[in-house]
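Observations on the three-dimensional arrangement
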Amino acid sequence: MAQEQPAEGGETAPDPWDGVELDEDFVRAAETSEPSARARMLAARWRSERPEPQPWRADKPPAGWFFSRSRRRRRKG
């Protein structure tokens, strides 16, 4: 919510943004984009020290995969 600005005479002045509508065409016409916070954080970290190469796929399954509930149910039945 925008804060109301007091006008002369003790009344509050109308907010100039009340009548503005930012439609989809306006948003899509924006020329600049900002990287995500995670991308900025990693870029700052990698400037000081390069990351070690990682394989595209890990050799190990994801955590909890082997002992997951659905896997246990399949095994019992």
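Residues numbered from 1 in each chain as written. Predicted model: local features only at pLDDT ≥ 70, side-chain atom pairs only at ≥ 80, totals over all residues. Heavy atoms only, no water.

Observations concerning the overall build of the chain
- When helices and strands are counted, the chain shows three helices and zero strands.
- In sequence order, the secondary structure elements of the chain are arranged as α-α-α.
- Total accessible area on the chain stands at roughly 8,700 Å², and carbon and sulfur atoms take up 52% of it. (Helix = DSSP H or I, 4+ residues; strand = E, 2+ residues; numbered from the N terminus. Areas by Shrake-Rupley, 256 points an atom, 1.4 Å probe, with all protein chains shown as cover.)

Digging into the pattern of salt bridges
- By the definition in use, this model includes two salt bridges.
- As a salt-bridge pair, R28 and E24 come within 2.9 Å of each other at their nearest N and O atoms. Of this pair, R28 and E24 both sit in helix α1 (residues 24-28), separated by four residues, roughly a single helical turn. Like E24, R28 is exposed.
- Its salt-bridge partner being R40, residue E34 comes within 3.0 Å of it at the nearest N-O pair.
- Given the relative accessible area of 64%, E34 is considered exposed.
- Since its relative accessible area comes to 40%, R40 is described here as partly exposed. (Salt bridge = Lys/Arg side-chain N within 4 Å of Asp/Glu carboxyl O. Buried < 20%, exposed > 50% of the residue type's maximum accessible area, 1.4 Å probe, protein only.)

A short note on the environment of S48
- Within the secondary structure layout, S48 lies in helix α2 (residues 37-48).
- Classification of S48 as exposed rests on a relative accessible area of 64%.
- Side-chain polar atoms of S48 contact the backbone oxygen of R45, separated by 3.0 Å. (Polar contact = N/O pair within 3.5 Å; in protein donor to acceptor, adjacent residues only side chain to side chain.)

Quick notes on the confidence of the model for the chain
- On average, residues of the chain score 77 in pLDDT, and 60% of them are at 70 or above.
- Between the elements of the chain, mean pLDDT differs from a low of 63, seen in helix α3 (residues 69-76), to a high of 93, seen in α2. (pLDDT = per-residue confidence, 0-100.)

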